[in-house]
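Observations on the three-dimensional arrangement
As a plain string of letters, each chain reads:
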Amino acid sequence: MILEIVIILLIIGLVFNLLGSIGILRFPDVYTRLHAGSKCATFGSIFTSLAVVVYGSAMWYTQDSMVYADMVIHTVIAVICLLITNPTGAHAIARAAHRSGIMPIRAVVDRLKEEK
Amino acid sequence: MPLLNFIVTVIACLIFYLILTAGSGTDILIWSWQQFAVGILFSLVVGMVGRNVLVGKDLRMVNPRRWVVLIVYLGPFFLEMAKANIDVAIRIITGNINPGIVKIPTNLKTDLGITMLSNSITLTPGTLTVDVDEKTRELYVHWLDVKVKEPETSESVSGSLEKWIRRATE
Amino acid sequence: MSITFSTVFMIAAVLLMSFTLLALIRVFLGPTAPDRVVGVDTVNTLVVASMIVLGAAYNRAIYIEIAIIYALLSFIGTIFIARYIKGGLR
């Protein structure tokens, strides 16, 4: 039962991670690559970590070993760190790219360029 | 109020240290006394060095009611994120995009609210905050699929997220 | 042969590593500097995810602690490169 849940969560996470890495190869410019790279990868990582949390909680419940409690708590903290740092990093890269003069390709509208 | 800042910083650091070292022994609940002593020592040092950096002027977020709202906020946020992620996944496979940078006005007053809204907008795929106008509180958002060129509110970009953040931070 | 948790997690970790190689192609190809930074950022996220999965595969919590530190340090690296690209470290 637990094994099936873990496998399903891992497959969902791996599919999103794969799409993220394909996306940064497929998309045409920096901004669209940021969409694929830093966000699909974050979502996929949340699901693979959720698989680890489910596994750790089940083992904690059956074996009552402190190693698994450590594993669950630290995985949750690592996911929170990823959730805070990843969008901030993506925002910094996008802002730096726009300031250094790289314009979005195939853009239908660019308000930021018009007002600067 | 330097003393209040100091106390808040020390307690926050101690709680974080204790979460990280949970399960180290059985002396005090589930912590060993060595970890407890080292945690208190380092929290005092960090509190002395960073009391004005980490907390700032505004102690509004210490209120536990706001924390409850923030935790409830994770629900609609995660739903929004899942929907948008599936949308971007389809766009990655088909390669069908319509990008552009739009300007959205916001009604949030605090810096923390703006930060949280722009981070949430960045985490829901399809939208990415590029720049912020600090005077007029407007966000410049790169949108993967531009539906409205002149959005009036942040409703069309981020759904109901702004309402939740206003409830949590103001 | 029955399927165990550690084999499942190990297979997932190997797949995550192969996705890391896919993302590295962008680091080598990328025409401009921000493109390469996007590639590095994705590689960092995938490495953190695979460290967590490896920690579950070996039943060692220490891998996950290292993943936390790696996530925070790679964030600082990304921020510094972004400041450098924007023009000058003021």
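What counts and how
- Sequence order as written defines the numbering, with residues in each chain counted from 1.
- The naming scheme follows written order: chains are lettered A onward, ligands numbered 1 onward.
- With the structure being a predicted model, the display of local features is reserved for residues of pLDDT at least 70 and the display and counting of side-chain atom pairs for 80 or more, all residues being used for whole-chain, interface and lining totals.
- Water and hydrogen atoms play no part in the side-chain values, which are based on all heavy atoms of the structure.
- In this text, helices come from DSSP runs of H or I with a minimum length of four residues, and strands from runs of E with a minimum of two, each type numbered from the N-terminal end.
- To get the radius of gyration, use the C-alpha atoms; to get the globule rule, take the number of residues to the power 0.38 and multiply by 2.2 Å.
- Only protein chains enter the calculation, and the probe is 1.4 Å; a residue is then buried if its accessible area is under 20% of its type maximum, exposed if over 50%, and partly exposed in between.
- Two residues form a contact once any of their heavy atoms are found within 4.5 Å.
- Computed by Shrake-Rupley with a 1.4 Å probe, the accessible areas treat only the displayed protein chains as cover when residues are assessed.
- Positive charges come from Lys and Arg, negative ones from Asp and Glu, while His and the chain ends are left out of the count.
- A single reference atom marks each charge: NZ on Lys, CZ on Arg, CG on Asp, CD on Glu.
- A patch consists of residues exposed above 30% relative accessible area that lack any salt bridge, with like charges linked at up to 9 Å and nonpolar side chains (Val, Leu, Ile, Met, Phe, Trp, Tyr) linked at up to 5 Å.
- Salt bridges are defined by distance alone: a side-chain nitrogen of Lys or Arg within 4 Å of a carboxyl oxygen of Asp or Glu.
- Being paired, for any two strands, means DSSP has found at least two bridges between them.
- Fitted lines through C-alpha atoms serve as axes, helices being fitted only where they are in contact, and the angles separating the N-to-C directions of these axes extend from 0 to 180 degrees.
- Side-chain rings of Phe, Tyr and Trp, where Trp is taken by its six-membered ring, are said to pair if the distance between their centres is within 6.5 Å; with planes under 30 degrees apart they count as stacked, over 60 as edge-to-face, and otherwise as tilted.
- Each of two parts loses accessible area, computed with a 1.4 Å probe, when they are put together; buried area is these two losses added.
- Counted as a polar contact is a pair of N or O atoms within 3.5 Å, where, for protein atoms, one must be capable of donating a hydrogen and the other of accepting one, and residues adjacent in sequence contribute only when both atoms are in side chains.
- In the scheme used here, Gly and all other residues not listed as nonpolar or charged are polar, with Ala, Val, Leu, Ile, Met, Phe, Trp, Tyr, Cys and Pro taken as nonpolar and Asp, Glu, Lys and Arg as charged.

Quick word on the overall build of chain A
Helix and strand counts for chain A come out as four helices and zero strands. Tracing chain A from N to C terminus, the helices and strands come up as α-α-α-α. The C-alpha radius of gyration of chain A comes to 19 Å, more than 25% above the 13 Å expected for a compact globule of 116 residues. Expressed as lengths along the three principal axes of its C-alpha atoms, the size of chain A is roughly 60 × 25 × 15 Å. Counting over 116 residues, chain A shows a buried share of 60%. The contacts of chain A with a sequence gap of at least 6 include a subset with a gap of at least 24, amounting to 62%. As displayed, chain A has an accessible area near 4500 Å², and 69% of this comes from carbon and sulfur atoms. Across chain A, the centroid of the 9 positively charged side chains sits 16 Å from that of the 7 negatively charged ones.

Describing a nonpolar patch on the surface
Residues A:Trp60, A:Met66, B:Ile28, B:Leu29, B:Ile30 and B:Trp33 make up a contiguous nonpolar surface patch of roughly 610 Å² in combined accessible area. Within the fold, B:Trp33 resides in helix α2 (residues 33-54).

Here we look at the sheet that holds strand β2 (residues 127-133) of chain B
One open sheet accounts for three strands, arranged β1-β3-β2 (chain B); its pairing is antiparallel. Single-partner strands in this sheet number two, and they are β1 (100-105) and β2 of chain B. In this sheet, adjacent strand axes meet at a mean angle of 30° when their direction is disregarded. The strands touched by helix α2 (residues 30-63) of chain A are β2 and β3 (138-143) of chain B; relative to β2(B), the strand with the most contacts, the crossing angle is about 115°.

Some remarks on the packing of aromatic side chains
Enumeration according to the criterion identifies nine aromatic pairs over all chains in this entry. Considering the side-chain rings of A:Phe43 and B:Phe78, the 6.0 Å spacing of their centres and the 35° angle between planes classify their relative orientation as tilted. With A:Phe43 in helix α2 and B:Phe78 in helix α3 (residues 64-94), this pair bridges two chains. The class of A:Phe43 is buried, set by a relative accessible area of 3%.

A few points about the interface of chain A and chain C
At the junction of the two partners, chain A supplies 48 residues and chain C supplies 44 residues. Taken together, the two surfaces of chain A and chain C that pack against each other cover about 3900 Å², and 79% of this comes from carbon and sulfur. The interface formed by chain A and chain C holds one salt bridge in total. Between C:Asp35 and A:Arg33 there is a salt bridge whose closest N-O contact spans 2.4 Å. For the interface between chain A and chain C, the tally reads six residue pairs in polar contact (both at pLDDT 80 or more). Among the elements of the structure, α1 (2-26), α2 and α3 (66-99) of chain A are those that each provide at least two residues to the side of chain A that touches chain C. With 20 residues, α3(A) is the largest single contributor of residues to the side of chain A that touches chain C. The residue makeup of the side of chain A that touches chain C, split by class, is 28 nonpolar, 15 polar and five charged.

A short note on unusual backbone geometry
Residue and element names in this part refer to chain C. Despite not being glycine, Asn-59 shows a phi value in the positive range, around 60°. Among the structural elements, Asn-59 can be located in the loop between α2 (33-58) and α3 (62-87). Classification of Asn-59 by relative accessible area gives partly exposed; the value is 30%.

Notes on the side chain of A:Thr42
Turning to its location among the elements, A:Thr42 is positioned in helix α2. Since its relative accessible area comes to 1%, A:Thr42 is described here as buried. Residue contacts for A:Thr42: discarding those within four places in its chain leaves A:Asn86, B:Leu123 and C:Thr45.

Looking at the environment of C:Pro31
Tracing the backbone shows C:Pro31 in the loop between α1 (5-29) and α2. A relative accessible area of 62% places C:Pro31 in the exposed class. Aside from chain neighbours lying at most four places away, what touches C:Pro31 is A:Arg33, C:Arg26 and C:Arg36.

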